[in-house]
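A structural walkthrough
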Amino acid sequence: MKLPLPKSIRWKVGLPILVIGIASGLAVGFYSYQNSVDQAKDTTKEKIKTAMTFTKASREYVRSILRPKIDEILASGCSKEDFILEAQSSSFFTASIFKKVSEEMPNFALRQVAFNPLNPKDEPNELEAKIIVFMRNTGNKEYSDITNYKGERYFVYASAVVPDASCLRCHGQVQNMPKVIQTLYKPQHDLNWEVGKVQGAVMVFVPFESTILKAQLTGLYRGLFIFGLFLALTLFILFSLDRLVFKPVEKLERKAEEIAKGNVDEPVDIKSDDEIGKLAEAFERMRVSIKKVMDLLK
Ligand code: HEC
């Protein structure tokens, strides 16, 4: 199939370069956008992982150091409490830390959620539930992606919560829970978390809308820059062709018309050292020969 393009060398040369320019601009723009988003995802993930390491370390501290110590003190009979929530529950401890972090960094939404939670506030929302079920079904212990939530894009990171037997003391049957937990949380039914099965997740939501917008703008600018380069190249080539080829050729064309009409007295005044110059010289020799023949015929 032939495209109905104007039959001019200007188009034949300029159009392909412009088309390549548009394609390159789009490719560079898109690649740059993708690259910026990927980079932002990686940095955010790294930051979150650092935060997670701190969380896990504090959990571990409560579990292995603080809890046994307080147990020892309670066993000596110095208090009538059977359990001191603030000092012995790593979950309570983490929940308090998360609350503080969320206050300090409103953009960094940290939540620990689970199906059948002790604290009703920790019931997963629709998106969180989907992610937990996904990790449960795939066996992944980690999940991260950009997700649309209530019309805004977030980078979401989830680390699976898989209970072990020790968790059932507070997340199993109501009758086994320390009194203080029963009083404080008033669980309506047994929670019965299953050991070894993904029950919930520690979730981090980081707003990503402006990051994506910035990446789109950078992509757009880079794409436009590349297209601009090709546009400048096209203009340069067309301008040079015009000056070096088209203008002299048009002049020769007019001269040929003149000679065809018999006006052979005016010399061809094109001076250049390139192919067009040689063509003009050949033309000039032809004009002189024709003039000689015509003079002879007079
Ligand atoms: C000594 C009691 C206790 C033990 C043992 C315990 N937790 Fe908790 N857990 C709590 C309390 C109290 C909360 C509610 C904290 C709050 O107010 O947000 C909680 C909340 C959680 C939550 C948020 C969902 C919910 O139920 O509210 C997760 C997830 C969690 N715990 C995981 C674990 C895991 C995993 C283990 C075992 C490694 C464990 N917990 C062991 C007391 C405990």
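If you're wondering where the values come from, they're calculated on a predicted model, not measured in any experiment.

Attention now moves to the overall build of the protein chain. Helix and strand counts for the protein chain stand at 8 helices and 4 strands. When the helices and strands of the protein chain are placed in sequence order, the string is α-α-α-β-α-β-β-α-α-β-α-α. For the protein chain, whose C-alpha radius of gyration is 40 Å, the value lies well above the compact-globule estimate of 19 Å for 298 residues. Within the protein chain, buried positions represent 18% of all 298 residues.

So, on to the packing of helix 1 (residues 9–75) against helix 3 (residues 90–104). When two helices pack together, their arrangement is given by the angle between the helix axes and by the axis-to-axis distance. Running from N to C, helix 1 and helix 3 point in directions that differ by 145°, and their axes come no closer than 9 Å. Helix-helix and strand crossings are classified by hand; for helix 1 and helix 3 the assignment is right-handed. Across the interface between the two elements, Thr55, Ser58, Arg59, Val62 and Arg63 of helix 1 pack against Ser90, Phe93, Thr94 and Ile97 of helix 3. Its residues assigned to classes, the contact of helix 1 with helix 3 shows 3 nonpolar, 4 polar and 2 charged.

For the rest of this paragraph, the subject is the nonpolar core. By size, the foremost hydrophobic cluster in this structure holds 21 residues, and its most contacted members are Met135, Val156, Tyr157, Ala158, Ala201, Met203 and Val204. For this core, the leading source of residues is strand 4 (residues 200–207), giving 6 residues. Those residues within four positions of Val156 in sequence are excluded, and the remaining contacts are Ser144, Asp145, Thr147, Met203 and Phe205. Membership of the second largest hydrophobic core comes to 6 residues, among which are Leu118, Cys170, Met177 and Trp193.

For the rest of this paragraph, the subject is the domain arrangement of the protein chain. Domain annotation for the protein chain reports domain 1 (10–217) and domain 2 (241–297). Relative placement of domain 1 and domain 2: their C-alpha centres are 83 Å apart.

This part is about helix 4 (residues 126–138). The end-to-end C-alpha separation of helix 4 is 18 Å, in line with the 18 Å expected for 13 residues at 1.5 Å each. If you check which residues of helix 4 are buried, you get Glu128, Ile131, Ile132 and Met135. The buried side chains of helix 4 occupy one side of the element, clustering within an arc of 100° when seen end-on. Turned more than 90 degrees away from the buried face of helix 4 sit Glu126, Lys130, Asn137 and Thr138, all of them exposed.

Strand order across the open sheet formed by 4 strands is 1-4-3-2, with antiparallel pairing between neighbours. Lying at the two open borders of the sheet, with one neighbouring strand each, are strand 1 (109–114) and strand 2 (142–149). Within the sheet, the average angular offset between the axes of one strand and its neighbour, ignoring direction, is 25°. Both strand 2 and strand 3 (residues 152–161) contribute to a ladder of 8 bridges, which runs antiparallel. Paired with Tyr149 across the two strands is Glu152, which belongs to strand 3.

Time to look at the site of the ligand. Neighbouring residues of the ligand: 23 residues in total, closest Ser91, Pro117, Asp122, Cys167 and Cys170. Secondary-structure elements contributing two or more residues to the shell around the ligand are helix 2 (85–88), helix 3, strand 1 and helix 5 (168–171). Residue composition of the shell around the ligand, grouped by class: 12 nonpolar, 8 polar and 3 charged.

As for its placement among the helices and strands, Phe227 is situated in helix 7 (residues 209–260). Measuring from C-alpha to C-alpha, the distance between Phe227 and Lys121 comes to 53 Å, with 106 residues separating the pair along the chain. Beyond its immediate stretch of four places on either side in the chain, Phe227 contacts Gly21, Ile22 and Gly25.

Okay, the UniProt feature "domain: HAMP" (unreviewed entry) in the protein chain next. Per the UniProt record, the feature "domain: HAMP" (unreviewed entry) sits at residues 243–295. With 74% helix and 0% strand, residues 243–295 has end C-alpha atoms that lie 35 Å from one another.

Bringing the UniProt feature "transmembrane region" (unreviewed entry) in the protein chain into the picture now. Taking the numbering used here, the UniProt-annotated feature "transmembrane region" (unreviewed entry) corresponds to residues 12–33 and 220–241. Taken end to end, residues 12–33 has its terminal C-alpha atoms 32 Å apart, with 100% of it in helix and 0% in strand. Annotated as residues 220–241, this span is 100% helix and 0% strand, and its ends, taken at the C-alpha atoms, are 31 Å apart.

Once that is clear, we can look at helix 1. Along an α-helix, residues three or four apart share an orientation, since each turn contains 3.6 residues. An ideal rise of 1.5 Å per residue puts 99 Å on 67 residues; helix 1 measures up with 97 Å between its terminal C-alpha atoms. At Leu66, helix 1 shows its largest bend, some 35°, and a proline, Pro68, comes one to four positions later. Turning to helix 1, its buried residues number three or more, namely Gly25, Gly29, Ser32, Tyr33, Ile48 and Thr55. Against helix 3, strand 3, strand 4 and helix 7 lie the buried residues of helix 1. Of the residues trailing helix 1, Gly77 is marked for its positive phi of about 85°.

Here is what the cut-offs are and how they apply
- Position numbers for residues count from 1 along each chain, tracking the sequence in the order it is written.
- For this predicted model, a pLDDT threshold of at least 70 governs which residues receive local features, and a threshold of 80 or more governs which side-chain atom pairs are given and counted, while totals over whole chains, interfaces and linings are taken from all residues.
- Helix numbering and strand numbering both begin at the N terminus, where a helix is a DSSP run of H or I of at least 4 residues and a strand a DSSP run of E of at least 2.
- Between the two quantities, the radius of gyration covers C-alpha atoms and the globule rule is 2.2 Å times the number of residues to the power 0.38.
- Here exposure depends only on C-beta density: within 10 Å of a residue's C-beta, 20 or more other C-beta atoms make it buried, 12 or fewer make it exposed, and intermediate numbers make it partly exposed, the C-beta atoms being placed from the backbone.
- Structural elements are reduced to axes, namely lines fitted to C-alpha atoms, with helices fitted over the stretch in contact, and the angle between N-to-C directions of any two is expressed from 0 to 180 degrees.
- A clockwise turn of the near helix away from the far one marks a right-handed crossing, whereas an anticlockwise turn of less than a right angle marks a left-handed crossing.
- This entry defines residue contacts through backbone-placed C-beta atoms, with two residues in contact when those atoms are within 7 Å.
- Each residue is assigned to one of three groups, with Ala, Val, Leu, Ile, Met, Phe, Trp, Tyr, Cys and Pro labelled nonpolar, Asp, Glu, Lys and Arg labelled charged, and all others, Gly among them, labelled polar.
- Only buried residues count toward a nonpolar core: Ala, Val, Leu, Ile, Met, Phe, Trp, Tyr and Cys, linked into one set through C-beta atoms within 7 Å.
- Note that the domain bounds were set by an automatic or database domain assignment.
- By this rule, a helix spans an expected 1.5 Å times one less than how many residues it contains.
- When we speak of the arc, we mean the arc of directions from the helix axis to the C-beta atoms.
- In short, DSSP must find at least two bridges between two strands for them to pair.
- We call a residue near a molecule or strand when its C-beta atom, built from the backbone, sits within 6 Å of it.
- UniProt positions are given in the numbering used here, feature names are shortened, and annotations may be inferred rather than shown by experiment.
- Bend at a residue means the angle formed by two fitted axes: the first through the 7 residues ending at that position, the second through the 7 residues beginning there.

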